[in-house]
Amino acid sequence: MTSTAAKTDLRFYLQCARDALLWKLEGLSEYDVRRPATPTGTNLLGLVKHAAGVELGYLGDTFGRPSGEPLPWLEDGAEANADMWVTAGESREDVVELYRRAWAHADATIDALALDTVGRVPWWADGKDEVTLHHAVTRVIADTHRHAGHADIVRELMDGAVGMSEGNVGVAPGDAAWWEDHRGRLERAAREADRRAAQDRVR
């Protein structure tokens, strides 16, 4: 595979994850894009904010290409986990536009450098901080898809909306009654498996 073809593949899967992450915000109120959906505070807009910082770090600073974007939540002395939630004073539009600028900056890095270019990750330990562009892009793809999966589950729990992207739901067809029956079958199977395991333990 040529370097150009490899970059095309990497860019495709990275953009799919980016688009999925932003799509999960559509149609939601300010409250819903920010509210914590898990005990550790996972929230939709916070995932976008985090993803922006990841791209600017791994596909910017790591290769000597700082974006100049102020990221106060990543500075020394910043509150722990500050990149994973959005304050009332930060607008949804600002966070989304920051993410889009991060895309553009990261894409420019991918276009400008060969995939075997070596960079240094500023927050990794000295002597273990070297990484190729190919590795860095792959890492960002994995991270972004992971968080897009988080967003998919959060959105489903919030209002039942599911799907990989607009026009590509990626789940079996079925109305509410079908899904209720399906979920019931899974619940019964889980309870039966648990019952059998308990019986095996006492034999």
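Here the structure is a predicted model, which is why all the values come from computation and not from measurement. (Residues numbered from 1 in each chain as written. Predicted model: local features only at pLDDT ≥ 70, side-chain atom pairs only at ≥ 80, totals over all residues. Heavy atoms only, no water.)

Asker: So, the environment of Leu-59: which residues are in play, and what are the values?
Answerer: When you line up the elements, Leu-59 lands in the loop between helix H3 (44–58) and helix H4 (92–112). You can call Leu-59 buried: its relative accessible area is 0%. In the structure, Leu-59 is positioned 51 residues away from Ile-110 in sequence and 7.7 Å away in space, judged by C-alpha atoms. In this view, Leu-59 contacts Leu-14, Val-54, His-105, Ala-106, Thr-109, Ile-110, Leu-133, Ala-136, Val-137 and Val-140; residues no more than four positions away in its chain are not counted. (Helix = DSSP H or I, 4+ residues; strand = E, 2+ residues; numbered from the N terminus. Buried < 20%, exposed > 50% of the residue type's maximum accessible area, 1.4 Å probe, protein only. Contact = heavy atoms within 4.5 Å.)

Asker: Any chance you could break down the packing of H3 against H4 for me, citing the residues and the numbers?
Answerer: Packing of H3 against H4 leaves a shortest axis separation of 9 Å and a crossing angle of 30°. Between H3 and H4, the angle falls in the class roughly parallel. The interaxial crossing formed by H3 with H4 has left-handed handedness. Only Arg-92, Val-95, Leu-98, Tyr-99, Ala-102, Trp-103, His-105 and Ala-106 of H4 make contact with H3, whose side of the interface consists of Leu-45, Val-48, Lys-49, Ala-51, Ala-52, Glu-55 and Leu-56. Its residues placed into classes, the contact of H3 with H4 shows 11 nonpolar, 1 polar and 3 charged. (Axes fitted to C-alpha atoms, helices over the stretch in contact; angles between N-to-C directions. Parallel < 35°, antiparallel > 145°, perpendicular 65-115°, else oblique. Left-handed = near helix turned anticlockwise from the far one by under 90°. Nonpolar A, V, L, I, M, F, W, Y, C, P; charged D, E, K, R; others polar.)

Asker: Which residues make up the packing of aromatic side chains, and what values do they have?
Answerer: Inspection of the entire model under this criterion finds 5 aromatic pairs. Geometrically, the ring pair formed by Phe-12 and Tyr-13 is edge-to-face, given 5.0 Å between the ring centres and 85° between the ring planes. Ring geometry for Tyr-99 against Trp-103: centres 5.3 Å apart, planes inclined by 75°, an arrangement best described as edge-to-face. Linking Tyr-99 with Trp-103, this pair stays in helix H4, spanning 4 residues, or about one helical turn. Residue Tyr-99 is classed as buried on the basis of its relative accessible area of 0%. By relative accessible area, which is 9% here, Trp-103 ends up buried. Three or more aromatic residues link up through ring pairs in this structure, and these residues are Tyr-58, Trp-123 and Trp-124. (Phe/Tyr/Trp six-rings, centres within 6.5 Å; stacked < 30°, edge-to-face > 60°.)

Asker: Tell me about the side chain of Asp-129, and name the residues and values.
Answerer: Within the element layout of this structure, Asp-129 appears in the loop between strand E1 (118–120) and strand E2 (130–132). Within the buried core, Asp-129 has no salt-bridge partner, and the shortest N-O distance to an opposite charge, that of Arg-120, equals 4.4 Å. Setting aside residues no more than four positions away along its own chain, Asp-129 makes contact with Gly-119, Arg-120, Val-121 and Trp-124. (Lys, Arg positive; Asp, Glu negative; His and termini not counted. Salt bridge = Lys/Arg side-chain N within 4 Å of Asp/Glu carboxyl O.)

So far we have only geometry, and geometry alone does not tell us how the molecule works.
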